[in-house]
Amino acid sequence: MLRSLLLASSRSPLMRKAVSELPATRRVVDRFVAGETTADAITVVRRLTGAGLTVTIDHLGEEVTDQQTAVLATKAYVTLLDALKPLGLGQRAEVSVKLSAIGQTLDRGMALDHARQICAAARACGSMVTLDMEDHTTVDATLETLQALRADYPETGVAIQSCLYRSEADCRDLADARVRLVKGAYRVPPSHGYQSKAEVDRAYVRCLRVLMAGTGYPMVATHDDRLIAIAEVLAGQHGRDRDAYEFQMLYGVRPDRQRELIESGARVRVYVPYGDDWYGYFMRRLAERPANVAFFLRAVRG
Ligand code: FAD
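Fair warning: this is a prediction, and the values are worked out from it, not measured in the lab.

Cut-off values and rules
Here, residues in each chain are numbered from 1, in the same order as that chain's written sequence. Residue-level local features of this predicted model are given only where pLDDT is at least 70; pairs of side-chain atoms are given and counted only at 80 or more, and the full residue set underlies all totals for whole chains, interfaces and linings. Side-chain numbers here rest on the full set of heavy atoms in the structure, without hydrogens or water. To be near a molecule or strand, a residue needs just one of its heavy atoms within 4 Å of it. Pairing of N or O atoms within 3.5 Å defines a polar contact, subject to two protein rules: one partner must be a possible hydrogen donor and the other a possible acceptor, and residues neighboring in sequence count only if both atoms are side-chain atoms. Shrake-Rupley sampling with a 1.4 Å probe provides the accessible areas, and residues are treated as covered by the protein chains on show and by no other component. Points on a 1 Å grid over protein atoms alone make up a cavity when a 1.4 Å probe fits among them but cannot get out, and a pocket when they form an open set with protein on both sides within 12 Å along at least five of seven lines; lining residues each have an atom within 4 Å of a point. Should more than half of a molecule's atoms lie within 2 Å of a pocket's or cavity's grid points, that molecule is taken to sit in it. Runs of E in the DSSP output that reach at least two residues are strands. Runs of H or I that reach at least four are helices, and both are numbered from the N terminus. Residue type decides the class: Asp, Glu, Lys and Arg count as charged, Ala, Val, Leu, Ile, Met, Phe, Trp, Tyr, Cys and Pro as nonpolar, and the leftover types, Gly among them, as polar. A contact between two residues is defined here by any heavy atoms of the two lying within 4.5 Å. Grid points are joined across faces, edges and corners, and a volume is the space filled by probe spheres set on the points. Here's how the labels work: a residue is buried when its accessible area is under 20% of the maximum for its type, exposed when over 50%, partly exposed in between, all with a 1.4 Å probe on protein chains only. Handedness of a crossover is defined as follows: orient the strands so they point away from the viewer, and if the path from the first strand over the helix to the second runs clockwise, the crossover is right-handed. In this description, strands pair whenever DSSP reports at least two bridges between them. Angular values range over 0 to 180 degrees, each being the angle between N-to-C directions of two axes fitted as lines to C-alpha atoms, with helices fitted over their stretch in contact. By convention in these notes, a salt bridge is any Lys or Arg side-chain nitrogen within 4 Å of a carboxyl oxygen on Asp or Glu. Classification of ring pairs uses Phe, Tyr and Trp, with its six-membered ring standing for Trp, and accepts pairs whose centres are within 6.5 Å; under 30 degrees between planes counts as stacked, over 60 as edge-to-face, and the remaining range as tilted.

### What about the site of the ligand?
Part 1 of the reasoning: Lining the immediate surroundings of the ligand are 26 residues, of which Lys 183, Gly 184, Thr 222, His 223 and Glu 288 lie closest.
Part 2 of the reasoning: At a separation of 2.9 Å, an oxygen atom of the ligand approaches a polar backbone atom of Ala 185.
Part 3 of the reasoning: One nitrogen or oxygen atom from the side chain of Lys 197 is found 3.1 Å from an oxygen atom belonging to the ligand.
Part 4 of the reasoning: Look at the ligand: alone it shows 950 Å² of surface, and the protein chains cover 84% of it.
Part 5 of the reasoning: When atoms are counted within 2 Å of each cavity's grid points, the one that captures over half of the ligand is the largest pocket.
Part 6 of the reasoning: Taken together, the elements giving at least two residues each to the shell around the ligand come down to β4 (157–161), β5 (178–182), β7 (246–250) and α12 (279–288).
Part 7 of the reasoning: Looking at which element gives the most residues to the shell around the ligand, the answer is β7, with three residues.
Part 8 of the reasoning: Broken down by class, the residue content of the shell around the ligand amounts to 10 nonpolar, six polar and 10 charged.

Next comes the structure, spelled out in structure tokens:
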């Protein structure tokens, strides 16, 4: 109930204004967002990579409704990747891209062209791109764009959401690719996806089995200890070394667990969002966990 309300609020311009104007919001947002500028993002990336982690950097923004904003978002990624190059960080830092931020809802051809520019800049600094997955209505378009990108940039990855009925089949189709498996952060209707946590978790394990058995590179994006343990067992059963898959977690979520995994010899990548369009991302983080809402309310009350 609370989750549905928060996810609905993540798309409400009125709520955006109200939440953004609360003085305490910034403090809470800072826990999940690396800052507003490229320099802020790079400071965080240097700290995390210095501690043995790898990162995937997200320039915040989604559902842009004009071409100029889509062009600016594309340029932000290219600028970021160009800045990583002289620092030699391309190998440890990849980027995550929401196609809706670079124009998918306006013109799919334009978004593909923008994504190609980002892939080219990534390759030039030894980095890679992963496409985030947005709500269920965008999956076909995202996978079509992925296919077009992989023709020239086969290293391009994509997120797949276990909450969707279709995802096990999508994992089979993508078993040779870099796939980030997530539970799913958007509302999904019963016609398209599982409604209970138990069903989403079981589907996650089925998708993991497919990916671990495949020839691609599974990216196990979860903070759920049970699923982390299952991923390690499945990787062992399929003879995967620790560098043949990785765990991923969000910036600001379970940093101690991230370190523990690194110390155990696992590969861990942290998803680092930056930029000023943090509202949708922030509301999805609140929706994921009642404790995050409590943390927010405590900050608001001062
Ligand atoms: P949950 O069931 O939410 O949590 C499982 C357990 O993890 C909890 O019971 C708790 O023990 C622990 N936990 C969770 N959060 C916290 C916390 N804040 N503090 C302490 N413990 C905690 N979703 C998309 O739809 N598209 C994407 O492209 C996408 N990309 C992502 C990339 C990364 C790297 C990650 C980690 C997530 C991404 N997500 C994406 C979000 C994802 O779909 C989930 O909404 C989110 O990861 C929460 O699910 P969970 O697997 O952690 O499990």
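### A few points about the side chain of Thr 142
Part 1 of the reasoning: Relative to the elements of secondary structure, Thr 142 occurs in helix α7 (residues 139–152).
Part 2 of the reasoning: The residues contacting Thr 142, other than those within four sequence positions of it, are Leu 99, Gln 104, Leu 131, Asp 132, Met 133 and Val 158.

### A look at the layout of surface pockets
Leftover empty space is mapped by rolling, across the atoms, a probe with the size of a water molecule.
Part 1 of the reasoning: Its volume calculated, the largest pocket comes out at about 1,300 Å³.
Part 2 of the reasoning: Arg 3, Lys 183, Gly 184, Ala 185 and Glu 288 are the residues nearest the centre of the largest pocket, which is lined by 45 residues in total.
Part 3 of the reasoning: Mapped by element, the contributors of at least two residues to the lining of the largest pocket are α1 (2–9), β4, β5, α9 (197–213), β7, α12 and α13 (290–301).
Part 4 of the reasoning: A per-element tally of the lining of the largest pocket places α12 first, with six residues.
Part 5 of the reasoning: A class-by-class count of the residues in the lining of the largest pocket yields 22 nonpolar, nine polar and 14 charged.
Part 6 of the reasoning: Taken as a whole, the second largest pocket encloses approximately 360 Å³ of empty space.
Part 7 of the reasoning: Along the wall of the second largest pocket there are 18 residues; nearest its centre are Leu 7, Ser 10, Arg 11, Glu 62 and Glu 63.
Part 8 of the reasoning: Listed by contribution, the elements that provide at least two residues to the lining of the second largest pocket are α1, α2 (13–21) and α12.
Part 9 of the reasoning: A class-by-class count of the residues in the lining of the second largest pocket yields six nonpolar, four polar and eight charged.

### Focus: the pairing of β7
Part 1 of the reasoning: Of all five residues making up β7, five are buried, and the element is well covered by its neighbours.
Part 2 of the reasoning: Where burial is concerned, the two faces of β7 agree: the one with Glu 246, Gln 248 and Leu 250 and the one with Phe 247 and Met 249 are both buried.
Part 3 of the reasoning: Handedness of the β-α-β unit built from strand β6 (residues 217–221), helix α10 (residues 225–237) and β7 comes out right-handed.
Part 4 of the reasoning: This β-α-β element, β7 to helix α11 (residues 255–263) to strand β8 (residues 268–274), shows right-handed connectivity.

### What about the sheet that holds strand β1 (residues 54–59)?
Part 1 of the reasoning: The sheet built from eight strands closes into a barrel, its strands ordered β1-β2-β3-β4-β5-β6-β7-β8 with parallel pairing. The average undirected angle you get between the axes of adjacent strands in this sheet is 30 degrees.
Part 2 of the reasoning: Pairing analysis gives four bridges linking β4 to β5, with the strands arranged parallel. By the bridge assignment, Ala 159 is partnered in β5 with Arg 180.
Part 3 of the reasoning: The sheet contacts of helix α5 (residues 67–84) involve β1, β2 (93–97) and β8, and relative to β1 the element is tilted by about 150 degrees.

### Comments concerning the pattern of salt bridges
Part 1 of the reasoning: Tallied over the full model, the rule gives 25 salt bridges.
Part 2 of the reasoning: The shortest N-O distance in the salt bridge between Glu 62 and Arg 284 comes to 2.9 Å. Of this pair, Glu 62 sits in the loop between β1 and α5 while Arg 284 sits in helix α12, and the two are 222 residues apart along the sequence. We note that Glu 62, like Arg 284, is buried.
Part 3 of the reasoning: Note that Asp 140 and Arg 166 form a salt bridge whose closest N and O atoms lie 3.0 Å from each other. Of this pair, Asp 140 sits in helix α7 while Arg 166 sits in the loop between β4 and α8 (167–173), and the two are 26 residues apart along the sequence.
Part 4 of the reasoning: Taking relative accessible area as the criterion, Asp 140 reaches 47% and is therefore assigned partly exposed.
Part 5 of the reasoning: We classify Arg 166 as partly exposed; its relative accessible area is 29%.
Part 6 of the reasoning: One continuous salt-bridge network, built from bridges that share partners, spans Lys 183, Lys 197, Asp 201 and Asp 224.

### Considering the packing of aromatic side chains
Part 1 of the reasoning: Taken as a whole and assessed by the stated rule, the structure comprises five aromatic pairs.
Part 2 of the reasoning: Ring plane angle 90 degrees and centroid distance 4.9 Å describe the contact between Tyr 165 and Tyr 194, whose orientation is recorded as edge-to-face. Here Tyr 165 is found in the loop between β4 and α8, whereas its partner Tyr 194 is found in the loop between β5 and α9, with 29 residues between them in sequence.
Part 3 of the reasoning: Residue class for Tyr 194 comes out buried when judged on its relative accessible area of 19%.
Part 4 of the reasoning: Residues Tyr 245 and Phe 247 carry aromatic rings whose centres are separated by 5.7 Å and whose planes lie at 85 degrees to one another, so their mutual orientation is edge-to-face.

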